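Residue strings, one per chain:
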Amino acid sequence: MSKNGVLQLARLTMYYCKHGGSSRGVREFIDTKLPRFGQDNPGVVVKAEVRSGRHPYLQTDYSNGFRLTAPLLNA
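So, how was this worked out
Residues numbered from 1 in each chain as written. Predicted model: local features only at pLDDT ≥ 70, side-chain atom pairs only at ≥ 80, totals over all residues. Heavy atoms only, no water. Helix = DSSP H or I, 4+ residues; strand = E, 2+ residues; numbered from the N terminus. Buried < 20%, exposed > 50% of the residue type's maximum accessible area, 1.4 Å probe, protein only. Contact = heavy atoms within 4.5 Å. Salt bridge = Lys/Arg side-chain N within 4 Å of Asp/Glu carboxyl O. Pairing = 2+ DSSP bridges. Axes fitted to C-alpha atoms, helices over the stretch in contact; angles between N-to-C directions. Core = buried A, V, L, I, M, F, W, Y, C linked by side-chain atoms within 4.5 Å.

Draft legend 1. Local environment of the overall build of the protein chain. Across its full length, the protein chain carries two helices and six strands. Secondary structure elements in the protein chain, listed N-terminal to C-terminal, are β-β-β-α-α-β-β-β. When burial is assessed residue by residue, the protein chain has 25% of its 75 residues classed as buried. Partitioning the contacts of the protein chain with sequence separation of at least 6, the portion at a separation of at least 24 is 62%.

Rendered as structure tokens:
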């Protein structure tokens, strides 16, 4: 989404576990859909980071400094 032609979403980071069951859907999403999202939105930094033994969550950073975090349990 943009405001006055400036993209508001600056960074999207997905944290997940390589082995945990609650991260199964997130791992599938990262393999199939996340690369396409990054290609379609070149102004957004898209990352996926491993956090072993932890539940998955999504963290977004916006250009105004706002940060939003959302859990992705069994997503």
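Draft legend 2. Highlighting the pattern of salt bridges. Following the criterion strictly, the structure yields four salt bridges and no others. The partner of Arg-67 in a salt bridge is Asp-61, with the nearest N and O atoms 2.6 Å apart. Residue Arg-67 is classed as exposed on the basis of its relative accessible area of 51%. A network of salt bridges, in which partner residues are shared, links Arg-11, Asp-61 and Arg-67.

Draft legend 3. Molecular detail of the sheet that holds strand β3 (residues 9-16). Read from one edge of the open sheet, four strands run β4-β3-β5-β6, paired in mixed fashion. Of all strands in the sheet, those with a lone pairing partner are β4 (45-50) and β6 (67-71), marking the two edges. On average, each strand axis in the sheet is inclined to that of its neighbour by 15°, with strand direction left out of account. Sheet strands in contact with helix α1 (residues 24-32) are β3 and β4, and its direction is about 130° off that of β3.

Draft legend 4. The arrangement of the nonpolar core in detail. In this structure, Leu-9, Leu-12, Met-14, Tyr-16, Val-26, Ile-30, Leu-34, Val-44 and Leu-72 together form the largest nonpolar core, which totals nine residues. Looking at this core element by element, the count peaks at four residues for β3. Sequence-distant contacts of Met-14, defined by excluding residues within four places in its chain, comprise Val-26, Phe-29, Ile-30, Leu-34, Lys-47, Ala-48, Glu-49, Tyr-57, Leu-58 and Leu-72.

Draft legend 5. View of the side chain of Thr-13. Structurally, Thr-13 can be placed in strand β3. For Thr-13, the residues in contact, after removing those within four places along its chain, are Lys-47, Glu-49, Tyr-57, Leu-58 and Gln-59.

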